[in-house]
Amino acid sequence: MTEQFSSSEQQARLEMVKLGASFFQRGYATGSAGNLSLLLEDGNLLATPTGSCLGELDGNRLSKVTLEGEWISGDKPSKEIAFHRALYLNNPDCKAVVHLHSHYLTALSCLQGLDSENCIRPFTPYVVMRVGDVPVVPYYKPGDQRLADDLAQLAGKYRAFLLANHGPVVVGKSLREAADNTEELEETARLMFTLGDRAIRYLTDSEVAELRSR
Ligand SMILES: O=C(CO)COP(=O)(O)O
Ligand SMILES: [Zn+2]
């Protein structure tokens, strides 16, 4: 990578390239699906370009956009940049966003009858400790402004979201945290399908409350 970026921006670019490759190599991302963004120290967003494969990101060509949505540099930003911006603008703790079409969460997002306020009823502690409730955003086509409008409404209250018939969106205080929490959710969705129709002992309300108050 060239020297045209500040050292913190250079580090952020390298982190995005590294995490994108890690997602891709381990099968959490396939083809050119999914997008990542983070808030730079200069107050602008670094995001993956539209149509890019997370496994082959070029640190020098990542998109830079203002929080208002103006494209500053790099390749054309993700078509989902509007919903990424909505999350930063409506949650001061949001410093990074991960959106994937990971297998099990996307399968979950296609089920009918999900609880729109929390589609993952807790049966293991980590989802409660790290993420909390996961609301479902109704289906809109990728890139639709209504995804951003709905996420803007939910952003202040939740750390992860499931886009119906599409996939997860997870925020974090860092790209690493958002990535870790996305993986936690993906593994939890995988457990849901592994458990299938068997009777699950869900965590009780007091067990959930104990985890939340930690
Ligand atoms: O996941 C995607 C759309 O929801 C991928 O779109 P982009 O390639 O424009 O980021
Ligand atoms: Zn998508």
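Residues numbered from 1 in each chain as written. Chains lettered and ligands numbered in written order. Predicted model: local features only at pLDDT ≥ 70, side-chain atom pairs only at ≥ 80, totals over all residues.

### Section: the packing of helix α2 (residues 81–90) against helix α5 (residues 145–154)
Taken N-terminus to C-terminus, the directions of α2 and α5 make an angle of 15 degrees; their axes are 8 Å apart at the nearest point. In terms of axis orientation, α2 runs roughly parallel to α5. Where α2 crosses over α5, the two elements pack in a sense that is right-handed. Of the residues in α5, those in contact with A82, F83, A86, L87 and N90 of α2 are Q145, L147, A148, L151 and A152. (Axes fitted to C-alpha atoms, helices over the stretch in contact; angles between N-to-C directions. Helix = DSSP H or I, 4+ residues; strand = E, 2+ residues; numbered from the N terminus. Parallel < 35°, antiparallel > 145°, perpendicular 65-115°, else oblique. Left-handed = near helix turned anticlockwise from the far one by under 90°. Contact = placed C-beta atoms within 7 Å.)

### Section: the confidence of the model for the protein
Averaged over all residues, the pLDDT of the protein is 97; the fraction at 70 or higher stands at 98%. Our summary of model confidence lists the complex with pTM equal to 0.97 and ipTM equal to 0.99. (pLDDT = per-residue confidence, 0-100.)

### What to know about the pairing of strand β1 (residues 35–39)
Here β1 lies mainly inside the structure; five of its five residues are buried. Where burial is concerned, the two faces of β1 agree: the one with N35, S37 and L39 and the one with L36 and L38 are both buried. Strand direction decides the pairing type here: β1 and strand β5 (residues 96–99), joined by four bridges, are antiparallel. In the strand pairing of β5, N35 is matched with H99. Relative to strand β2 (residues 45–47), β1 runs antiparallel, the two being bridged by three bridges. Bridge pairing in β2 places L38 opposite L46. (Buried ≥ 20, exposed ≤ 12 C-beta atoms within 10 Å, placed from the backbone. Pairing = 2+ DSSP bridges.)

### Some details on the pairing of β5
Neither face of β5 is left uncovered, since the one carrying A96 and V98 and the one carrying V97 and H99 both have all their residues buried. Bridge count for β5 against strand β8 (residues 167–172) is four bridges, and the pairing is antiparallel. Bridge assignment links V98 to a residue of β8, and that residue is V170.

### Concerning the sheet that holds strand β7 (residues 160–163)
If you walk across this open sheet you meet the eight strands as β4-β3-β2-β1-β5-β8-β7-β6, and the pairing is mixed. Both outer strands of the open sheet, β4 (71–73) and β6 (136–137), are each paired with one neighbouring strand and no more. With three bridges joining them, β2 and strand β3 (residues 63–65) adopt antiparallel strand pairing. Note on β3: the bridge partner recorded for A47 is S63. On the sheet, α2 packs against β1, β2, β3, β5 and β8 and is oriented at approximately 145 degrees with respect to β2. Relative to β8, helix α6 (residues 175–195) is tilted by about 140 degrees, and along the sheet it contacts β1, β5, β7 and β8.

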